[in-house]
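Read off the chains here:
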Amino acid sequence: MKSYMFKHKGWLSLSFFTIILASAVEIFKAYVLQQVIDSTTDMNGNRLKSLVILVTVFILGTVLIMIVESLCTNRFIQKCMFSIKNKLYGRITEKNIQKFNENNTSDYISALTNDMNTIESDYFQNLISVLEYIVIFLFAFIAIFHIHYYFILFIGITAWIPLIINGLMSNSITKRKIEFSDQISSFTGKIKDIFMGFETIKTFNINPVMKENFKTANKELEEKRFQSKFINDTCERLSFGGSLIIWLGSLLLGYVLVLQGKLTVGYVLGASQLLNNISNPLYRLSFLINKMNSSKVLLKKRMEQTKERNFTEETVSKKDFQDKIEFRNAGLKIGGKEILKEIHLTFEKGKKYAIVGDSGSGKSSLIKLLMGYYEDYSGSILIDGIELSRIEEEEWYNVVTMVAQNVYLFNESIKSNITLFHDYKQEEIDEAIRVSHSSQFINALPENIDTYVNESGKNFSGGECQRISIARALIRKTPVILLDEATSALDRTTAIDIEKSILGLEGVTVIAVTHKIHEETRNLYDNVITVSAGTTH
């Protein structure tokens, strides 16, 4: 956490300065109270004017300082949270696709939302409170020492009570918070799964079953929430009991000192205010520090889950494709299951290849392997003689483009989904739309290319989504294009026309995975490769 805080030293310094001012005002309250009470008990009406001025200045100064403190501390927290979320998001997106898919997307969503909210409230907001309590405690300690040293002796004897309580419960608080965080991730995943499968749920009449599943997940979440809140509240209540012993015991001590004529009533009430500024921090500090520590554990856990990739070899820059792609005895195992084995293939620059085979034969895995989805393959995959695993991921993705069977469209305009937020000339966009045979349906839309795409393309047919995806790939003009059942949702005539257009691209290496080859395009392929039982023939 320190690195995030000291990254914003200016706001941290301003926050600490305003905290000192706010704490001084809090302590000065005891002086104001003492002056008012002693003036009243002395029946001194001549001091009324000066007391009114004192109280007025105190109120105005307090409000002003509190506003400035709020501005500085909240800006400091905002800067820190901005940095942490950017860091976490960056680490998530730096994962390769295989590592990313090892966790549910709901885990990442929960980490960037629920866990960040917890870290903000339980760490940074509590950090401000801890700093305030420490400064108030020190000021109050000095002030009450000047009233009578007996109070200091009593506090020294009793201060350990809330500290021990919080120390004993620290591990339980952290454990419950982590369990609650994990349950939130699980619950988020369950909700996402239900809503994503809503159509299936309705058409297969399984809504009663899913309602029960939701109730179970909801019950488990609320139970974890209860356990986490109960352990926190129990710790806080017990610590408060310890602080009451300190405060009330000190008041009784003040009563004895008044009877002995060593203090006035005003001083005792002023001391009472100061004692509150001592006992309250004692019980709150250790409790808040417990919550901060558990939040640090939570952030550490999330950062570990998204730890940066460790490269065993130095990566190599590869910004173009000049000769050929070679598979030399390549193989792939996922979860102990052999998916591909003894793959020997060569794809030459500018040529067109079809990969055919039955469902589950390994065709798509072969394409994903070439896309760099998997790092732990066996054998070699060479790009112009360079091992694929050594090529910088970002640069390889500027060389190769894949059109997948399952298309994902962003909640943006059709134009943004084609350009993917890059700047292209209008002629380039129009050409990609034309070659992908998207012109007719896009031009028929009220807002044409600026039409907004609903979640996952729900306002378009499967075939229209595939054509947008194909246009997205074509506009990049990469030297290698991979097609994974890219026209499966299209009618036969349109599929053949698009296939011919792509296979007619000069100098572009095309590798197309398909269940079957159309007779009209068979002669456009330089080679047809059959995949069966995880190997090639």
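Values in this document were obtained by computation on a predicted structure and should not be read as measured data.

Reading the values: rules and limits
- Residues numbered from 1 in each chain as written.
- Predicted model: local features only at pLDDT ≥ 70, side-chain atom pairs only at ≥ 80, totals over all residues.
- Heavy atoms only, no water.
- Helix = DSSP H or I, 4+ residues; strand = E, 2+ residues; numbered from the N terminus.
- Rg over C-alpha atoms; globule rule 2.2 N^0.38 Å.
- Contact = heavy atoms within 4.5 Å.
- Areas by Shrake-Rupley, 256 points an atom, 1.4 Å probe, with all protein chains shown as cover.
- Lys, Arg positive; Asp, Glu negative; His and termini not counted.
- Charge placed at Lys NZ, Arg CZ, Asp CG, Glu CD.
- Pairing = 2+ DSSP bridges.
- Axes fitted to C-alpha atoms, helices over the stretch in contact; angles between N-to-C directions.
- Parallel < 35°, antiparallel > 145°, perpendicular 65-115°, else oblique.
- Left-handed = near helix turned anticlockwise from the far one by under 90°.
- Salt bridge = Lys/Arg side-chain N within 4 Å of Asp/Glu carboxyl O.
- Buried < 20%, exposed > 50% of the residue type's maximum accessible area, 1.4 Å probe, protein only.
- Expected span 1.5 Å × (residues − 1).

Novice: So what's going on with the overall build of the protein? Residues and values would help.
Specialist: A count of helical and extended segments in the protein gives 19 helices and 10 strands. In terms of overall dimensions, the protein is more spread out than a globule: its C-alpha atoms have a radius of gyration of 34 Å, far above the 24 Å expected for 537 residues. Dimensions of the protein, computed from C-alpha atoms along their principal axes, come out at roughly 110 × 55 × 50 Å. When contacts within the protein are restricted to residue pairs at least 6 apart in sequence, those whose partners lie at least 24 apart make up 81%. For the protein, the computed accessible surface area is about 28,500 Å², with 56% contributed by carbon and sulfur atoms. Charge centroids of the protein, computed over 60 positive and 59 negative side chains, lie 6 Å from each other.

Novice: Help me get a handle on the sheet that holds strand β1 (residues 324–334), residues and values and all.
Specialist: Strand pairs in the sheet, formed through backbone hydrogen bonds, run parallel or antiparallel to each other. If you trace the 4 strands from one edge of the open sheet to the other, you get β2-β1-β4-β5, paired in antiparallel fashion. Looking at strand neighbours, the two that pair on one side only are β2 (337–348) and β5 (386–387), the edges of this open sheet. Examined bridge by bridge, strand β4 (residues 378–383) and β5 share 2 bridges and lie antiparallel to one another. For Leu382, the partnering residue across the bridge sits in β5 and is Glu387. Contacting β1, β2 and β4, helix α12 (residues 363–370) runs over the sheet at an angle of about 65° to β2.

Novice: Give a detailed account of the sheet that holds strand β8 (residues 509–514), specifying residues and quantitative values.
Specialist: With mixed pairing, 6 strands are arranged side by side in an open sheet as β6-β7-β8-β3-β9-β10. In this open sheet, the two edge strands, each paired with only one partner strand, are β6 (400–403) and β10 (535–536). Direction of pairing for β6 relative to strand β7 (residues 480–484): parallel, over a ladder of 4 bridges. Bridging from a neighbouring strand, Thr401 pairs with Ile481 of β7. Contacts between α12 and the sheet are confined to β3 (352–356), β6, β7, β8 and β9 (527–532), with β8 contributing the most and set at about 150° to the helix.

Novice: Go over the packing of helix α7 (residues 149–158) against helix α10 (residues 207–259) with me, naming the residues and quoting the values.
Specialist: The description of two packed helices rests on the angle between their axes and on the distance between the axes. Where α7 meets α10, the axes come as close as 10 Å, and the angle between the chain directions of the two elements is 150°. The orientation of α7 with respect to α10, classified from their angle, is roughly antiparallel. Along this stretch, α7 crosses α10, giving a crossing that reads as right-handed. Residue-level inspection shows Tyr150, Phe151, Phe154, Ile155 and Thr158 of α7 in contact with α10, the latter providing Ile245, Ile246, Gly249, Ser250, Leu253, Gly254 and Leu257.

Novice: How would you summarise the pattern of salt bridges if you had to cite specific residues and measurements?
Specialist: One pass over the full model with this rule turns up 15 salt bridges. Note that Glu348 is salt-bridged to Lys351, the shortest N-O span being 3.1 Å. On the accessibility criterion, Glu348 (35% relative accessible area) is partly exposed. Residue class for Lys351 comes out partly exposed when judged on its relative accessible area of 33%. Glu520 is paired through a salt bridge with Arg492; the nearest N and O atoms lie 3.1 Å apart. One end of the pair, Glu520, is in helix α19 (residues 519–522); the other, Arg492, is in helix α18 (residues 492–503), and 28 residues separate them in sequence.

Novice: Now, about the packing of helix α17 (residues 462–474) against α18: what can you tell me, with residues and values included?
Specialist: Axis separation between α17 and α18 bottoms out at 13 Å; the angle between their running directions is 5°. Judged by the angle between their axes, α17 and α18 are roughly parallel. Residues Arg467, Ile470 and Leu474 of α17 touch α18, and the partners they reach there are Thr494, Ile498 and Ile502.

Novice: Run through α18, naming residues and quoting values.
Specialist: Compared with the 16 Å implied by 1.5 Å per residue over 12 residues, the 16 Å span of α18 between its first and last C-alpha is a close match. Residues of α18 that are buried: Thr494, Ala495, Ile496, Ile498, Glu499, Ile502 and Leu503. Buried-residue contacts for α18 involve β3, α15 (426–435), α17, β7, β8 and α19.

Novice: Requested: an account of the side chain of Thr419, with residues and values cited.
Specialist: If you trace the backbone, Thr419 turns up in helix α14 (residues 414–419). We classify Thr419 as buried; its relative accessible area is 6%. If sequence neighbours within four positions are ignored, Thr419 has contacts with Tyr424, Ile429 and Ile475.

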